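Coordinate analysis (summary)
For reference, the chains in residue letters:
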Amino acid sequence: MKLTSFTQQTFYLLILSMLVSAQSFPQDINERIKTLEEKLKIQQEIIQKQQTIIQQLQEELQQIKAQTVSEKPPAQPEEKPVYASGGLFGAASAYNPNISLILDTFGYSTNLKEDELENWNIPGFIKEGLHHQKGMNIHAAELYLFAPVDPFFNLYATIPVTQEGVELEEAYLVTTTLPAGLQAKIGKFKSGFGRLNSQHAHVWNFVDQPLVYRAFTGREGINEKGIQLTWLPKFPIYTQFGIEALQGENEILFGNDGSKGLHAFGTFAKMSFDIGSYGTILFGPSLMIGDTKTDSIEQDHIFIGDTKLFGFEFTYKWKPSRWKSFLLQSEYLLRSQKGKLEDTATSTLHTLKRSQDGLYLQTIYQTGRWGFGARYDLLEPFKDTFKLDGVQTSFGDKPWRASAMVEFNPSEFSKIRLQYNYDRSSRANITNNEVFLQFIGGVGAHAAHTF
Amino acid sequence: MRKKLLKLVFCLTAFTVNLFAQINVVATLPWIGDIAKQIGKEKLSITVLVKTSQDPHYVEAKPSLIIAARKADILMYNGLDLEIGYLPVIIESSKNPNIQPGRPGNFDCSKFVSPIEKPTSVDRSMGDIHPLGNPHYHFSPLNVLKVAQGMTETLVKIDPQNENYYRKNYQEFYKKLQEKISEWKSKNLSGKKFVAYHTLFSYLANDFGFQIVGCIEAKPGIPPSSGEIKKIIDTINNTKPDAILVNVYSPKKPVEFVAGKTGLKTILVPHDVGSLPQTQDWFSFMDKVITLLSEG
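For chain B, the count of helices and strands is 10 helices and eight strands. Residue burial in chain B is summarised as follows: out of 296 residues, 56% are buried.

Right, let's talk about the packing of helix H6 (residues 163-186) of chain B against helix H10 (residues 282-295) of chain B for a bit. All names here are of chain B. Put simply, H6 and H10 touch, their axes get as near as 11 Å, and they point 5° apart. When the axis of H6 is compared with that of H10, the two are roughly parallel. Contacts between H6 and H10 involve Phe 173, Lys 176, Leu 177, Lys 180, Glu 183 and Trp 184 on the former and, on the latter, Trp 282, Phe 283, Met 286, Asp 287 and Ile 290. Of the residues that constitute the contact of H6 with H10, the class distribution is seven nonpolar, no polar and four charged.

Turning to the interface of chain A and chain B, a few remarks are in order. At the junction of the two partners, chain A supplies 58 residues and chain B supplies 46 residues. Viewed at the interface, chain B and chain A are joined by two salt bridges. Broken down by element, the side of chain A that touches chain B gets its largest block of residues, five residues, from helix H2 (residues 29-69) of chain A. Taken together, the residues that form the side of chain A that touches chain B break down as 26 nonpolar, 20 polar and 12 charged.

Now for the packing of aromatic side chains. Residues and elements named next belong to chain A. Summed over the entire model, instances satisfying the criterion amount to 27 aromatic pairs over all chains. Look at Tyr 332 and Phe 382: their rings are 5.9 Å apart centre to centre, the planes differ by 55°, and that puts the pair in the tilted class. Of the two residues, Tyr 332 is situated in strand S12 (residues 324-343) and Phe 382 in strand S14 (residues 370-388); the sequence distance between them amounts to 50 residues. On the basis of relative accessible area, Phe 382 is assigned to the exposed category, the value being 64%. In textbook terms, an aromatic cluster arises when at least three aromatic residues are bridged by ring pairs, as seen for Tyr 144, Phe 146, Tyr 156, Tyr 172 and Phe 189.

Another point: helix H3 (residues 63-70) of chain B. The element H3(B) is extensively covered by neighbouring structure, given that eight of its eight residues are classed as buried. Every buried residue of H3(B) is accounted for by B:Pro63, B:Ser64, B:Leu65, B:Ile66, B:Ile67, B:Ala68, B:Ala69 and B:Arg70. On its buried face, H3(B) is in contact with strand S8 (238-246), strand S9 (264-275) and strand S10 (279-294) of chain A together with strand S1 (23-27), strand S2 (44-48) and helix H4 (87-93) of chain B.

Residues and elements named next belong to chain B. As enumerated under the stated definition, the model contains 19 salt bridges over all chains in all. We note a salt bridge from Arg 167 to Glu 153, for which the minimum N-O separation is 3.0 Å. Residue Arg 167 is located in helix H6, and its partner Glu 153 is located in helix H5 (residues 141-158); the two are separated by 14 residues in the primary sequence.

This brings us to unusual backbone geometry. Trans peptide bonds make up most of the peptide bonds, and negative phi angles are found at most residues other than glycine. Positive phi, normally seen in glycine, also occurs at A:Ala180, with a value near 60°. Along the polypeptide, A:Ala180 turns up in the loop between strand S5 (170-175) and strand S6 (182-190).

The next thing to look at is the environment of A:Leu178. As for its position among the elements, A:Leu178 is in the loop between S5 and S6. For the pair A:Leu178 and A:Phe153, spaced 25 residues apart in sequence, the C-alpha separation works out to 10.0 Å. If near-sequence neighbours (up to four positions away) are discounted, A:Leu178 is found in contact with A:Gln183, A:Ala184, B:Lys95 and B:Pro97.

Each value, and the rule that gives it
All residue numbers refer to position in the chain's written sequence, counted from 1. For this description, chains carry letters from A and ligands carry numbers from 1, given in the order in which they are written. Per-residue local features are limited, in this predicted model, to residues with pLDDT of at least 70; the limit for side-chain atom pairs, both in listing and counting, is 80 or more; totals at the level of whole chains, interfaces and linings are taken over all residues. As a rule here, side-chain values cover all heavy atoms of the structure and leave hydrogens and water aside. Secondary structure elements are taken from DSSP: a helix is a run of H or I of four residues or more, a strand is a run of E of two residues or more, and numbering for both begins at the N terminus. The buried label goes to any residue with under 20% of its type's maximum accessible area, the exposed label to any with over 50%, and the partly exposed label to all in between, with areas taken from a 1.4 Å probe on protein chains only. Where helices are involved, their axes are fitted lines through C-alpha atoms of the stretch in contact, as for all axes, and angles between N-to-C directions lie from 0 to 180°. For classification purposes, an angle smaller than 35 degrees is called roughly parallel, one larger than 145 roughly antiparallel, one from 65 to 115 roughly perpendicular, and anything else oblique. Residues are treated as being in contact if the distance between any of their heavy atoms lies within 4.5 Å. Residues are grouped as follows: Ala, Val, Leu, Ile, Met, Phe, Trp, Tyr, Cys and Pro are nonpolar; Asp, Glu, Lys and Arg are charged; every other residue, Gly included, is polar. Salt bridges are identified by distance alone: a Lys or Arg side-chain nitrogen within 4 Å of an Asp or Glu carboxyl oxygen. Pairing of aromatic side chains here covers Phe, Tyr and the six-membered ring of Trp, requires ring centres within 6.5 Å, and sorts the geometry by plane angle: under 30 degrees stacked, over 60 edge-to-face, intermediate tilted.

Pasting the structure below:
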C-alpha cells in the first residue's frame, strides 16, 4: 500500500508539471491531455502488475516458511518408473505385450451314437452337425495378447490353439485418440452384432452357444476381417452406435467369396442405464446385410443371394456384491434370405426365400463361488418361411432346447461347470441328452472383463 | 467502436464461461474423490465410480461407468493393479483421449507413493496377489499427502488459471494433516495386535506401530479353506491379538466362525471414505479408523 501511494503521488506531480507546460501551448492542449491520460493508464497497469507479483512472492514466502517449520516437509512427487531392470536385453522386456493363456476343456456324454452326433443338424437351417466327441474335448488353449502400440493404437490378438492347429481368431487395432467419442477397430475381430457374438466362448454362461447363434452364424459367430467404427456421444445415459464393413467370410451367413471384396455391412446401437444401486439394463438392435454364396443349407446345394440378419438384445444384471448376482439375458434374431438354390448334383436351379427367427432366454443366479443357470432355446417362434419355388417346405416340429447349468469358481481365474442339455433341435422325434463337464483356467496377464 | 464493443463482449463471455466451467474429475475410489475435492473444491465436478459398499478389487465395467469416463477431463485412480479387472476396459471403451495412458488426464495416484509388501516372486497359486505391492495405501497419511501434492501439481498443469487456488487448498490440507497426525499418534496404537480379514491395514500398522498377526483370507481374493481357518485360529491362540478387523464387504461366515472359536471380538472398520457413518471425508474416515482401533 505504501509503495502504491508513493508512486501515485509521484505520478500526480508528473501530471501536474506536464499540465503546467501544456498550458503554455493552449492550441494542442487537448492532444497533450489525451497522450498524458494514455501514459497514466500504462503506468497504472504496470503498478498493478508489480503489486500482484509482490503478493505472489509474499504467498510463496509464507509457503516456504510453513514447509520449513514443519518436521517433515513433503517430498517432491516422484514418478517411479516400473520398468524391469537391465538384463541381457535391457529394459525391452517392459515392452513385451501382456500375454494370457486360457484353457477351455470339457468332458462330453450323450445318448446319441457317434454318427448321429455328426449328423445332428437343424433341417431348414444348417446341414452341419455337432463336433463334440464323446469323452474328453479341448475347445481351445487360447493365447491372448494385448498392449498399446503407441499413443494412438492398442493391439489385441486372440490365437486359439486347437487340435486342428493354430488359428488367428482375432487380431485388430483399436484407436485411442480419435475425437468426439469415435473409435475405430481395424483387422479381424468379432462383430459388435448382438450380445454374445463379441464375447469369447470362455466368458459365456453356458458351455455351448444358443441354438439361434448356431443356426444363423455357425460355430465361429460373425468373426470377420474389416473395419468397425463406434461412436459414444456424451449423452446422459450410455448410448453407443456402431457401423461395420466386413469381408463377409462367415460360411453360414455370407460364404467365402473373395471376388466381391467387402460384402457384409452391419450397424448396431446399444443403450444402457442403471436401475437402483445394483441393477443395470442393456439393450439394443443390430442389423447385418450382405451378399451370400453358401453351401451350408443342404447337402449338394449352393445358395446365391442376399441376406439380412436382424437382432435385438436385452440384458438385466443385478449385482449387489462380488458374491451375489442375478442375470436375465435374451436375444431375438431374424434372418431373411432371397436368392437361387442350385442343386449341384442335377444342376437344377430353384428360387429360395426363407425368413426364419429364433430366440434364447437365459438366467443365472450366483451366490458365493457357485452359479446356477437355466436356458431355453427356440427356433421359428414367429417366422418359419422356407419357400422353394414359391412353395412352403415343412420340416416338422420347431427346434428347441432346454439347458441347466451349475458352476463353481475356485478363484477369479478358474471355473468348473456341469451342464445338461435336453436338445430337440433335429425336428425328428429324437432327443439329444447331453452332459458337459467343463474346466476353464487362465494364466498370465489379468485381462479386464467387459460388462 | 463497434468492434471494440464486440471484443469486450467476447472477452466478457469468455471470462464468465471460464469462471463457471468446472473440471470434470472422475475418481475410481471414494477417498480419491475426496482428496480431489479438498484440493479443487468448487472448481471441480467430481464423479466417483466405485460405491462405498463395493469391494474395489471386484467391480464391473458397467456402461454407466464408461459413460462417466467419457465425460472426464481427468481420471484419477488408485493404481498398483487394484482396478486391473475393470479400469482398462473403462478407459478404452470411454473413447475419451483425455484419460488414455500417457496423457495428463490419466492420473495414477500410486505414482507418488512408496508401496510396501512388494513380493519378490509371485504366481497365482498364492491367490490374487498384487505384484506391484499392497495397494491399500490410503490408510497412510504421508502417502496420501504425497498423492494430494501430486494432484495439486496436475490440476495446476491442467488448469493454470487457478494455480493459486489449488496451492492454497493444498496448504490448508497440509496444515490440517500435520495437526491430525499428532492427534492420531497420541491415540497410541503401538503394541496392539490385530487379525484382519484382508491385507487392508498394512500401511496403517507400519505408520502407527501396531501389528497384524495374520489374515483370515490367507490367499487374497480366495475365501479361506478349513485348513487355513484352523491355521489362523492357532495363530490367534498363540499371539493373543486384541480383535479381528473386518470391513463391509468381507464375507461374514468365516469371520464369525473364527470369532466364535477364539472368543475374539470383531471390529467393523471402514475400508474407504463414506463406507460407514461419520466417514464423510478422508480426515473423518481416518479419525474413525484410529478411534475404532484404539478402543479395540
